[in-house]
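# Examining the three-dimensional arrangement
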Amino acid sequence: MFYTKTILNKYPKEQRYLLAVLQDIQKKYNYLPRGALIMVQEYFDVPLSKLYSMATFYKALSLKPKGKYIIRVCDGTACHIRGSALIIDEIHRLLNILPGDTTEDGNFSLETVNCLGSCALAPVMVINDKYYGNVTPALVRRILKEYGGVNCEHIQEKG
Amino acid sequence: MNIFKRKVKKTVLVCCGTGCLANNSFEIYKGLKKKIEDLAVNVKVRPVVKATGCNGLCEKGPIVTILPDDVFYCGVKVTDVDEIVENTVLNNKVIERLLYFDSAKGKKVRSHKQSEFYRKQLKIALRNIGQIDPGNIDDYIERGGYSALRKVLFKMSPKGVISEVERSGLRGRGGAGFPAGLKWRQCAEMDNFPKYVVCNGDEGDPGAFMDRSIMEGDPHSILEGILIGAYAVGSEKGFIYIRDEYSLAIKNMTKAIEKAAERGFLGQNIMGKGFSFDIEIVRGGGAFVCGESTALMASIEGRVGEPRIKYIHSTEKGLWGQPTVLNNVETWANIPVIINKGAGWFSRIGSKGSRGTKVFSLVGKVRNTGLIEVPMGITLREIIFDIGGGIIGSGKFKAVQTGGPSGGCIPESLLGLGVDFDSLNEVGAMMGSGGMIVMDENTCMVEVARYYLKFLSEESCGKCIPCREGIKRMLEILEDMCTGKGREEDIELLLEISETVKEASLCGLGKTAPNPVITTIKYFRDEYLAHIKDRRCPAGICRELTVYYIDRDVCRGCGLCRKGCPTEAISGEIGSRFTIDTSKCIKCGSCKEICRLNAVKVLGGAAE
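Residues numbered from 1 in each chain as written. Chains lettered and ligands numbered in written order. Predicted model: local features only at pLDDT ≥ 70, side-chain atom pairs only at ≥ 80, totals over all residues. Heavy atoms only, no water.

If you check an unreviewed UniProt entry, chain B appears there as NADP-reducing hydrogenase subunit HndC from Koleobacter methoxysyntrophicus. Within the UniProt record for chain B, the comment given under Sequence similarities (unreviewed entry) is "Belongs to the complex I 51 kDa subunit family." (UniProt positions renumbered as here; feature names shortened; annotations may be inferred.)

The name an unreviewed UniProt entry gives chain A is NADP-reducing hydrogenase subunit HndA, with Koleobacter methoxysyntrophicus as the organism. In its Sequence similarities (unreviewed entry) section, the UniProt record describing chain A reads: "Belongs to the complex I 24 kDa subunit family."

What follows is the structure, given as structure tokens:
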């Protein structure tokens, strides 16, 4: 929990920095470990229940550990009508995870986001910080292969 | 006037917005820079951040513009770098293949300014985007930046500023269209301190990215607007609430704040006129409801972002119970221009009740997707067919959805509607933040309503029952319809719940949530009936009501579709006809996408 301490030291003990602190912890660990939350509770002197209510309210925060690669599929309106549901289905089929889940080996997490503001490239998918535009189910296979996510030989390469 | 015209030097602008970055534009920027440096010629290369472009061409890949000749290249690849430098930069030769094809004119044009797409637009809020390097404050100053702040501090009283904004007729661009000047006046009249100024850059609307593009591409214009507002209402502290997913926007705004402080535009005793102001960035937590002003302020205070009833205005009791002015990114970006050019100039643009321009993100099934800025009052037809270039592919226009999840779907018969705050409200839609999503015949309107309701049910904060429960019940009904379990009385029931949710919800999210349902029922009742009575989805979108099949007259048996099928549902011999086994088909559409002959068809019927 060394990092949590470093993060806490950057912020004054004012309630308005709570969200920022939680976001920083989330960025570091990809989720909010209970131990970290207890440190935040002590530092800001707020009830733990308040931290949990924030953790469950804001989409950016998560109480469940996330995988090494976080796949975020945009399901904004533009992406939706250009077929983001097909992308999610394809990922589900290849990695056997639904939005909100993490693969058993801890490599991939799947999330949907409500708009990444890249509607011109719809449908859009982001893995960690890398954007992929105009994604098709076939492209999903290729991209996941790059990350070592797909080793199904029966899936043939196309195009 | 284009300031670059005065220079002999050439400038190469490379779009480095998120959209173009996804297509390797940074590699192109580095390549161009290196090539030009190697040649040691007197050319300046600058990266320009221009998120998913004001040109609407980002889907065609990285964009490179060469000034002062204004040569505009799209779909540039790393391998084109040498040719661009040698031909265009050094020898003024235009590379035909990289030029933009204007579908309205049916030919290639040298500069995008010659295209129909550009000519109907008027840029105020987007004035600098794509022209300046957002990381370089001098670029902004060169184009008249911070001169409005100077004018305000040296020549105008706070009251004078407010009456200028009032006379301009500027209405808040966040969606509701509340007069900005009136809001400022209410706050200025309060006499308890401190007062706060807030910029809403949360932009939770799916399908909208105008705020993002301004924050990424021209952060100083927002800062300058906020400074002017702060001076007018007497505030010394401001906050910019930015969506956490917008990492480039956060980065560029942070840098802009640092640079402005270095130059003395922010901080103590600005320009020696005794006005002090500080600003802080707050990252949003990813909750749609935080776009609502009271919820946003709760979030800044470090609480859960639940809204409160607005019987007391935020201008009276806002952040920490103090008087607060909250405006959206686009509103702030308009302010410096209003001060510089005057309220009279601004109020002559636009329609009677809605002055000025509005930025829309035109997306969906339209050819020129991207950001556009148009004078208010322009018709939907002009936006979609002249600027947008019409429907992509062979599809036919069906509807346009404006205002995000709280907006409504407008049918073809209303395309002549002049777009402004009031006219959109009249037809049941709304301006919202300005998302404009074009839908063609391959869009199922029942499914669209279901999509928005699903979004809203997830985003409802749950504080008040009509919103929390009402939206959920409506969603259940729509889900039933999309899976072929709709009942005839459902349409009336939907309308009845809509009425209650609209009336009884606490904040804007609930009050407008039924809009997508009401407008789709109003204008597309046939589709609802087809789902309920015939168990059929006319657009072929709702899976349970759709069947894929191969047209035996068209299929030549190439076998591509079988390769693409993930569940081995397709069988047949190479050279003869292929068929789809409907029991195995998961309706992913891979076969339809891959077939070169269009032999794979969708049958919008046969539920059993």
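That shown, we press on.
## Quick word on the sheet that holds strand E16 (residues 435–440) of chain B
Where strands meet in a sheet, backbone hydrogen bonds hold them as pairs that are either parallel or antiparallel. Residue and element names in this part refer to chain B. In space, the five strands of this open sheet follow the order E13-E12-E16-E14-E15, with mixed pairing throughout. The open sheet terminates on both sides in strands that have one partner only, identified here as strand E13 (370–375) and strand E15 (408–411). Between one strand axis and the next, the sheet turns by 30° as a mean value, whatever way the strands run. Taken together, the four bridges between strand E14 (residues 397–402) and E15 define a ladder with antiparallel strand orientation. Directly across from alanine 399, in E15, lies its bridge partner proline 411. (Pairing = 2+ DSSP bridges. Helix = DSSP H or I, 4+ residues; strand = E, 2+ residues; numbered from the N terminus. Axes fitted to C-alpha atoms, helices over the stretch in contact; angles between N-to-C directions.)

## Focus on the UniProt feature "binding site: [2Fe-2S] cluster" (unreviewed entry) in chain A
Residue and element names in this part refer to chain A. Per the UniProt entry, the sites bearing "binding site: [2Fe-2S] cluster" (unreviewed entry) are Cys74, Cys79, Cys115 and Cys119 in this numbering. Despite a sequence span of 46 residues, these residues sit close together in the fold, their greatest C-alpha distance being 9.1 Å. The residue cysteine 74 is located in strand E1 (residues 69–74) in this model. The class of cysteine 74 is buried, set by a relative accessible area of 3%. (Buried < 20%, exposed > 50% of the residue type's maximum accessible area, 1.4 Å probe, protein only.)

## Here we look at the packing of aromatic side chains
Overall, the coordinates contain 19 aromatic pairs over all chains when judged by the stated rule. Pairing phenylalanine 26 of chain B with tyrosine 29 of chain B gives two aromatic rings, centres 5.6 Å apart and planes at 45°, and the pair type is tilted. Of the two residues, phenylalanine 26 of chain B and tyrosine 29 of chain B both sit in helix H2 (residues 25–39), three residues apart, roughly one turn of that helix. Among the aromatic residues, those joined into a cluster by ring pairs are Phe2, Tyr3 and Tyr29 of chain A. Lysine 28 of chain A extends its terminal NZ or CZ atom over the ring of tyrosine 3 of chain A, reaching a point 4.1 Å from the ring centre. Against the face of tyrosine 132 of chain A rests lysine 130 of chain A, its NZ or CZ located 5.3 Å from the ring centre. (Phe/Tyr/Trp six-rings, centres within 6.5 Å; stacked < 30°, edge-to-face > 60°. Lys NZ or Arg CZ within 6 Å of the ring centre and 35° of its normal.)

## A look at the environment of glycine 160 of chain B
All names here are of chain B. Within the element layout of this structure, glycine 160 appears in helix H7 (residues 158–168). Here glycine 160 falls in the partly exposed class, since its relative accessible area comes to 23%. Sequence spacing of glycine 160 and alanine 232 is 72 residues, and the spatial spacing of their C-alpha atoms is 8.2 Å.

## Section: the pairing of strand E11 (residues 324–328) of chain B
Residues and elements named next belong to chain B. Taking burial as the measure, the five residues of E11 include five buried ones, the bulk of the element. Burial along E11 is two-sided: Thr324, Leu326 and Asn328 and Val325 and Asn327, pointing in opposite directions, are all buried. As paired strands, strand E7 (residues 196–201) and E11 are joined by five bridges and run parallel to one another. Note that in E11 the partner of tyrosine 196 across the bridge is threonine 324.

## Some remarks on the pattern of salt bridges
According to the stated counting rule, one finds 42 salt bridges over all chains in the structure shown. As a salt-bridge pair, glutamate 86 of chain B and lysine 35 of chain B come within 3.0 Å of each other at their nearest N and O atoms. You can see glutamate 86 of chain B sitting in helix H3 (residues 81–91) and its partner lysine 35 of chain B sitting in helix H2, a full 51 residues away along the chain. The class for glutamate 86 of chain B is partly exposed, based on a relative accessible area of 38%. Here glutamate 447 of chain B and arginine 450 of chain B are joined by a salt bridge, their closest N and O atoms 2.7 Å apart. With glutamate 447 of chain B and arginine 450 of chain B both in helix H17 (residues 445–459) and three residues apart, the pair spans about one turn of that helix. For glutamate 447 of chain B, a relative accessible area of 12% gives the class buried. If you follow the salt bridges from partner to partner, you end up with Glu14 and Arg16 of chain A together with Lys237 and Glu280 of chain B in one network. (Salt bridge = Lys/Arg side-chain N within 4 Å of Asp/Glu carboxyl O.)

## Section: the interface of chain B and chain A
Counting residues at the interface gives 62 residues for chain B and 44 residues for chain A. Three residues stand out in chain B for area buried against chain A, namely Arg283, Val304 and Tyr451 of chain B, and they jointly supply 14% of the buried area on that side. Taken together, the connections running from chain B to chain A amount to five salt bridges. Its salt-bridge partner being glutamate 280 of chain B, residue arginine 16 of chain A comes within 2.9 Å of it at the nearest N-O pair. If you look at where chain B meets chain A, you find 20 residue pairs in polar contact (both at pLDDT 80 or more). By residue number, the principal contributor to the side of chain B that touches chain A is H17 of chain B, which donates six residues. Class assignment for the residues of the side of chain B that touches chain A results in 27 nonpolar, 16 polar and 19 charged. (Contact = heavy atoms within 4.5 Å. Buried area = accessible area lost by both parts, 1.4 Å probe. Polar contact = N/O pair within 3.5 Å; in protein donor to acceptor, adjacent residues only side chain to side chain. Nonpolar A, V, L, I, M, F, W, Y, C, P; charged D, E, K, R; others polar.)

## Remarks on helix H3 (residues 34–44) of chain A
All names here are of chain A. Within H3, burial applies to Ala36, Leu37, Val40, Tyr43 and Phe44. Along H3, the residues classed as buried sweep out an arc of 120° about the axis, all on the same side. On its buried face, H3 sits against helix H1 (2–9), helix H2 (18–29) and helix H4 (48–57). Backbone geometry just downstream of H3 places aspartate 45 in the positive-phi region, at approximately 55°. (Arc of directions from axis to C-beta.)

## Quick word on the pairing of strand E12 (residues 357–364) of chain B
Residues and elements named next belong to chain B. Burial runs high along E12: eight of the eight residues are buried. In E12, alternate side chains face the same way, and those of Thr357, Val359, Ser361 and Val363 on one face and Lys358, Phe360, Leu362 and Gly364 on the other are all buried. Pairing analysis gives six bridges linking E12 to E13, with the strands arranged antiparallel. Pairing of leucine 362 across the sheet is with glycine 370, part of E13. Note that E12 and E16 share four bridges and pair parallel. Across the sheet, residue glycine 364 finds its bridge partner in E16, namely valine 438.

## Describing the layout of surface pockets
Over the atoms, a rolling probe the size of a water molecule traces out where space has been left empty. Residues and elements named next belong to chain B. What the second largest pocket holds in volume is close to 1300 Å³. The wall of the second largest pocket is formed by 48 residues, among which Gly174, Gly175, Ala176, Gly291 and Lys310 lie closest to the centre. Ranked by residue count, the leading element in the lining of the second largest pocket is E11, at five residues. Within the lining of the second largest pocket, the residues separate by chemical class into 14 nonpolar, 24 polar and ten charged. (1 Å grid on protein atoms, 1.4 Å probe; cavity = no way out; pocket = protein on both sides within 12 Å on 5 of 7 lines; lining within 4 Å. Points joined across faces, edges and corners; volume = space filled by probe spheres on them.)

## Here we look at the environment of arginine 303 of chain B
Residue and element names in this part refer to chain B. With respect to the helices and strands, the residue arginine 303 is situated in the loop between helix H12 (293–300) and E11. Judged by its relative accessible area of 37%, arginine 303 falls in the partly exposed class. Among the polar contacts listed, one links the side chain of arginine 303 to the side chain of glutamate 301, at a separation of 3.0 Å.

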